[in-house]
Every structure is written in C-alpha cells, then in structure tokens.
Amino acid sequence: MSVQGKKILLGISGGIAAYKSILLLRLLVKNGAEVQVVMTPAAKQFVSPLVLATLSKRPVICELAEGDIWANHVHLGRWADLMVVAPATCNTIAKMATGICDNLLMAVYLSATCPVMVAPAMDEDMWQHGTTKMNVERLKGLGFQILPVGKGALASGLIGEGRLLEPEEIYKYIIAHFQPADKPLQGRKALVTAGPTYEAIDPVRFIGNHSSGLMGIEIANALANAGADTTLLLGPTHLKAGDLVHTIRVTSADEMYAAAVSAFGKTDIAVMAAAVADYKPGNAAEQKIKKSDAPLHIDLVQNPDILAYCGAHKTSNQLVVGFALETNNEIENACKKLERKKADLIVLNSLNDQHAGFGTSTNKVSIFESDGNTIDLPLQSKKELAKELVLLMINRLHEKNQ
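Overview of the structure. (Residues numbered from 1 in each chain as written. Predicted model: local features only at pLDDT ≥ 70, side-chain atom pairs only at ≥ 80, totals over all residues. Heavy atoms only, no water.)

Some details on the sheet that holds strand β18 (residues 319-326)
Strands sit in the order β14-β13-β10-β15-β18-β19-β20-β21 across an open sheet of eight strands; the sheet is mixed. Each edge of the open sheet is held by one strand with a lone partner, namely β14 (246-249) and β21 (374-381). Strand-to-strand twist across the sheet, computed as the mean angle between neighbouring axes with direction ignored, equals 15 degrees. Taken together, the four bridges between strand β19 (residues 345-350) and strand β20 (residues 362-369) define a ladder with antiparallel strand orientation. Within β20, the residue paired with L348 across the bridge is S366. (Pairing = 2+ DSSP bridges. Helix = DSSP H or I, 4+ residues; strand = E, 2+ residues; numbered from the N terminus. Axes fitted to C-alpha atoms, helices over the stretch in contact; angles between N-to-C directions.)

Laid out in structure tokens, this is it:
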C-alpha cells in the first residue's frame, strides 16, 4: 500500500519545526499523493509558501479570503482522505481541543470529515504541562491519531521531549494509516536478515556470494504489511525494502550477528533469510595484497551462526525461521539443519530448480517444520511467495501463543 492517489491536507502551524514540513511534503508528492497545504499566518514566518506551492504544485492557502477569492474550507474538509497537522504547536492543539476557529487552518479542521493525524512539536515544559496533556487526551477521545514526539535538542537549547518526529517517521505513520484494516501481526515485532555478507580479505577484496537479498526483502515487506513492527538487517545490495520496514545496513557476518543478537530478545518472529558467509579470513590484511608468483594461502575461520543463536535462545512464544540453499541431498540437509539449529521452520530452495535461488525474481521452496510436517510451494514470484510464507508464520505463531 502507498499514498499513490491519496488526497492529503497538510496543515502547518507556526513553530520552528515547520521547516520539516517541506521534507514531508516532498515525500508525499514524490510517492504520488495529492497534497493541499494549509498554513496559519504565523507559519509563514518559519517556512516560505512559495517553496510549499512549488513542491505541491498547488497554491498554498493561508487566509479565509484573499482579494475577491474565498477559500472554501468546507470543500477542503470534505476533499481529503486524511488531514495531517505537522507541526501542531501547543497553541494549535489547544484550539483543536476547544474548537476555537480564528484562522483558516482551524476552519478547515472543523470542516474535515476525514481522519485527522496530529504531529505535536513544542518545548518540553509545554509538552509536559497538564493543560497540554489534557488537550491531547481530548483529541484522542475525539478519535484523532496523536503521533509521539521525539526527544533531543529543542529550540530553547534544552534537551528533552517535544521534538517533531522526522519527516520519514511521520510518512511511515501515514503509510500505515492507509494499510488494509486486517493486520494480524499488529503489535508484534519481526526481525529479518537478508542479502549477502562481505568478509574482508584486504581493503579491496572480500569473500561473498551472489545473493541479491530480494527474498528476504519481500518477506520483510509482507510482515510489515501484516502489521508487524519489522526490522530488516540487510547485507550489501542495491535493493531496498518498503517504507514500513526499518532497515539496518550491515556488511559483515559479525555486524549482522551483533545487530541480530541485540534485537532478538524483543522479537516475536525471526526470519533468517540472509546468505551469511560461513567463513571469513582469520586476519584481514590492512593493506592491499600484492600479486606475486608464490601461491596465496588464506586461513579461514568460522563466522558466528545467527540462526543457531536464535534457535538456542528462543522462548516458547517466539517463532524462528531459517533458510537453506542446497545443491545436493537437499531434503536430508534441510532436515538436519532444522534439527541442528533448533528452528521452527526451514525453508529449502535448491539451485537445481530452474528459476529459483539467487539472482531471480521467482522462487520455489519446500518448508520443513519441527513437527515433521512438509509443505511444497510452487514456482512463483518472490513477492507472492513471501505473502504465503508470512501467512504460514502467522498461523504457527498463533499456535505457539494459544
């Protein structure tokens, strides 16, 4: 799901964080949304209407009437699929909570028949004030979505809560708003590894493999679309996951292992789809190794085993899924891996199957479960296959948590 074709009212009130609205607007328009910007008069002191109009390709509306032209706030309130107020200052939140209508933004808000999303921004003392808390709770009671605030450096020079969320984070909330209502993994956390790892031989050479990471990326997307708070540990690849997925880029197996160990304890579903190098050079050269007539010997040592760690440390409520890419004795090797790594599921794909494995947009897999059950899925796009795998994971997680 995306914002393609969605009609969004972007309300901007007067605070220093208004500059972030430019970046949010750019994200929305870039991804196909129709955006109408409505500003308070005070907001014009912080961000240029000309910049916003240029990006949105629509005149920015600020006054109830300009010359002989009247801004039809009722029409605007009925036009949108979603109204987003970002930033929403302490003053604007107070007006929204009490229905004070003294500018065009408030007139549009009070005319809105669409859902309303509020992204607060103010100094920490104002955010923590009892009156603000009461106003925020009143807006929540009216059914509006109040986004969290960030913590960090504030305009006052203090460090604390009250920062406007970064535009990319607000955009994720907007994307999530337009997701289908059926989100069976809402409130769950998922961890996915994908792509290759590169193990340095020297500063310019490495041991790696041909994995593009596409299968793992599609699984991460499918988990996020099902409502899971999804983290993707992604090895070196030009591909990227969707906006709902929190991606952490890594290079080596050690980096991926450290990130996986850190995240696993809070994870409900862990899918180890990365093609992690089993071995790495024991001592990577600090300088480029020069070619010579003598044979070159590289001593290899084992990399840490991420799947084995997850299998050994999982609780009864966690689901651990591994992948096995085999070239011979496929079923035997996959079953041994399932038992040895203490996984709940092993997804087998074979390089002997045409149009499956590395470097393809399709895949064909067999799934081996710890209870002895086997499921064969036909050749299909990795995107569709990911959806089927996630449905299976949802069912197995539900069984574990009964």
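Now that the structure has been shown, the text picks up again.
What about the packing of aromatic side chains?
In total, this model carries four aromatic pairs according to the counting rule given. A ring pair is formed by Y109 and F144, whose centres lie 5.8 Å apart and whose planes are at 70 degrees; its orientation type is edge-to-face. One end of the pair, Y109, is in helix α5 (residues 104-111); the other, F144, is in the loop between α7 (130-141) and β7 (145-146), with 35 residues separating them in the sequence. The two residues Y109 and F144 agree in class, both being buried. Seen from their ring centres, Y257 and Y309 are 5.9 Å apart, and the 75 degrees between their planes marks the pair as edge-to-face. Residue Y257 is located in helix α10 (residues 253-264), and its partner Y309 is located in helix α11 (residues 306-313); the two are separated by 52 residues in the primary sequence. Take Y257: its relative accessible area is 26%, and that puts it in the partly exposed class. Each residue in the set Y257, F264 and Y309 is aromatic and connected to the rest through ring pairs, giving one cluster. (Phe/Tyr/Trp six-rings, centres within 6.5 Å; stacked < 30°, edge-to-face > 60°. Buried < 20%, exposed > 50% of the residue type's maximum accessible area, 1.4 Å probe, protein only.)

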